[in-house]
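Structural features, examined
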There are 2 protein chains.
Amino acid sequence: MSSIAELIKSRASANSYDPSKPLTRYEIGDLVELATHAPTAFNLQNWRFIAVCSDEAKAKLFPLAYNQQKVLDASVTFIVCGLLGEDALIASSLKPTLDAGIIDQATFDGWVGAAQGMYKGNPSLQRDEAIRSASLAAMTLMLAAQDKGLVSCPMIGFNPTAVAQAFGLGDGEVPVMLITVGHTGGANWPPKPRKPVAEVLAVV
Amino acid sequence: MSSIAELIKSRASANSYDPSKPLTRYEIGDLVELATHAPTAFNLQNWRFIAVCSDEAKAKLFPLAYNQQKVLDASVTFIVCGLLGEDALIASSLKPTLDAGIIDQATFDGWVGAAQGMYKGNPSLQRDEAIRSASLAAMTLMLAAQDKGLVSCPMIGFNPTAVAQAFGLGDGEVPVMLITVGHTGGANWPPKPRKPVAEVLAVV
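Residues numbered from 1 in each chain as written. Chains lettered and ligands numbered in written order. Predicted model: local features only at pLDDT ≥ 70, side-chain atom pairs only at ≥ 80, totals over all residues.

The subject of this paragraph is the overall build of chain A. Of regular secondary structure, chain A possesses nine helices and five strands. For chain A, the sequential pattern of α-helices and β-strands runs α-α-β-α-α-β-α-α-α-β-α-β-α-β. Along the first, second and third principal axes, the C-alpha atoms of chain A reach 55 × 45 × 35 Å. Per-residue burial over chain A gives 49% buried out of 204 residues. Long-range contacts, defined here as pairs at least 24 residues apart, represent 83% of the contacts in chain A between residues at least 6 apart. (Helix = DSSP H or I, 4+ residues; strand = E, 2+ residues; numbered from the N terminus. Buried ≥ 20, exposed ≤ 12 C-beta atoms within 10 Å, placed from the backbone. Contact = placed C-beta atoms within 7 Å.)

What follows is the structure, encoded as structure tokens:
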């Protein structure tokens, strides 16, 4: 078991995977389960995950991800989708929180009203929210994978329209990121240097 | 030290903070340092963090975040910004990776060219990327805070235009999220229930 700081610092985007070591369905489900503990506005959980595992599905994704070999070699490539149309989602997503007694009816009603007021007729905010939620889940998934001794790589190099069509995404589903996950192959880069904190942080 | 799975599952968005326990500048810098280990496309590192700590800065942010008490009570509220205009950023962000010998000159040139080709004249992709990168960093920061025994809360309830103006953000800086961080106050919610994995995952 590593400390979270060690995990965060040791994670690096991996290009090379061992194609002979698949993940089980249980392992894939476990990664997604952990990813869904990421926070979302109003606990919307406006995301969906497609795990591309089979040879057939990989062959379909490969050219849509610009022939990146890791899509074929990694055990799984997750298509991490953010969902638009949050005004329809909010009540169903939040209901279990009400039922569990964590929030009361007044808070539930207030949040549902607030979310509907914010998102309705605001496609730009809906898109922002889809990308935010999917990205929060994506980061959680990558750290969870790292903790299990796996490597991963987030990818924006794909044709979102073609991916949406090929994998049957709904109109309200935005493919925000692909993430390859698997056992490391022969040669992966170490973590890349980051800018000094002083360059990116202001304390006021 | 917790396992990452325990950390992920125990993190909950916190509304209540102990205002008597400030974080040091070192602690704040450490959280941001860890956050910057999040991945970005082409290692762009297209982010900036403003740590709102002083009474004066908190008083300025408070009304712009719709009078949410936690902005006053938490030790710090981070304004997590994503940066647009990546075509100017890419070479400077990636140069240390070349200098460290992690990638060679041909890869460097290829990435810079690819990034400039993708982002230039594409404000929608630039905005998506700003939100993606800032959100990946935000999730890393929240998990790092959790590991240090702190609590946090991501917030989209603020006026982005007013925050940008009040805190002097540049034209290319998008305030993607606020994150309050501090020691827990009296009464915080437990983690809210999530949808079952079967509802959000398809394996193909």
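Following the structure, the description resumes.
Opposite the 63 residues of chain B that make contact, chain A presents 63 residues. Among the secondary structure elements, those contributing two or more residues to the side of chain B that touches chain A are helix H1 (4-10), helix H2 (25-35), strand S1 (47-52), helix H5 (86-99), helix H7 (123-147), strand S4 (173-182), helix H9 (197-200) and strand S5 (201-203) of chain B. Per-element tally for the side of chain B that touches chain A: the top contributor is H7 of chain B, with eleven residues. When grouped by side-chain class, the residues that make up the side of chain B that touches chain A number 41 nonpolar, eleven polar and eleven charged. Bridge count between strand S5 (residues 201-203) of chain A and S1 of chain B: three bridges; the pairing is parallel. (Nonpolar A, V, L, I, M, F, W, Y, C, P; charged D, E, K, R; others polar. Pairing = 2+ DSSP bridges.)

Right, let's get into the packing of helix H2 (residues 25-35) of chain A against helix H7 (residues 123-147) of chain A. Residue and element names in this part refer to chain A. At a minimum axis separation of 8 Å, H2 and H7 run at an interaxial angle of 130 degrees. Classed by the angle they form, the pair H2 and H7 counts as oblique. Seen from above, H2 lies across H7 with right-handed handedness. Together, Leu31, Leu34 and Ala35 of H2 and Ala137, Thr140, Leu141, Ala144 and Ala145 of H7 make up the contact between the two elements. For the contact of H2 with H7, the class distribution of residues is seven nonpolar, one polar and no charged. (Axes fitted to C-alpha atoms, helices over the stretch in contact; angles between N-to-C directions. Parallel < 35°, antiparallel > 145°, perpendicular 65-115°, else oblique. Left-handed = near helix turned anticlockwise from the far one by under 90°.)

Residues and elements named next belong to chain A. Of all six residues in strand S1 (residues 47-52), six are buried, a share of seventy percent or more. Note that S1 and strand S2 (residues 76-83) share six bridges and pair antiparallel. Paired with Arg48 across the bridge in S2 is Cys81.

Another point: the relation of the copies chain B and chain A. With an RMSD of 0.0 Å, the fit of chain B onto chain A corresponds to turning through 180 degrees and sliding 0.0 Å along the axis. Taken together, the rotation and translation relating the two chain copies correspond to the operation of a two-fold axis. An overlap of 100% is found between the interface residues of chain B and their copies at the interface of chain A, pointing to a shared contact surface. (Least-squares fit on C-alpha atoms with pLDDT ≥ 70 in both.)

Looking now at H7 of chain B. Under the 1.5 Å per step criterion, the end-to-end length of H7 of chain B is 36 Å for 25 residues, consistent within 8% with the ideal 36 Å. Counted residue by residue, H7 of chain B has 21 buried out of 25 residues, so it is predominantly covered. (Expected span 1.5 Å × (residues − 1).)

Let us now look at the sheet that holds S4 of chain B. Taken together, the five strands give an open sheet; going across it, the order is S5(A)-S1(B)-S2(B)-S4(B)-S3(B), and neighbouring strands pair in mixed fashion. With one partner strand each, in any of the chains shown, S5 of chain A together with strand S3 (151-155) of chain B form the two edges of the open sheet. Put simply, the sheet's adjacent strands are angled 20 degrees from each other on average, direction ignored. The sheet contact formed by S3 of chain B and S4 of chain B spans five bridges and is antiparallel. Residue pairing across strands places Ser152 of chain B opposite Val181 of chain B, the latter belonging to S4 of chain B.

So, on to the sheet that holds S5 of chain B. Taken in spatial order, the five strands line up as S3(A)-S4(A)-S2(A)-S1(A)-S5(B) in an open sheet, and their pairing is mixed. Of all strands in the sheet, those with a lone pairing partner are strand S3 (151-155) of chain A together with S5 of chain B, marking the two edges. Between one strand and the next, the sheet's axes are offset by a mean angle of 20 degrees, whatever the strand orientation.

Glancing now at unusual backbone geometry. You will see that Asn67 of chain A, though not glycine, has its phi angle at about 55 degrees, which is positive. By the element assignment, Asn67 of chain A lies in the loop between helix H3 (55-64) and helix H4 (70-73). Overall, Asn67 of chain A belongs to the exposed group, with 10 C-beta atoms counted inside 10 Å. Although it is not a glycine, Phe42 of chain B adopts a positive phi angle of roughly 60 degrees. Residue placement: Phe42 of chain B occurs in the loop between H2 and S1.

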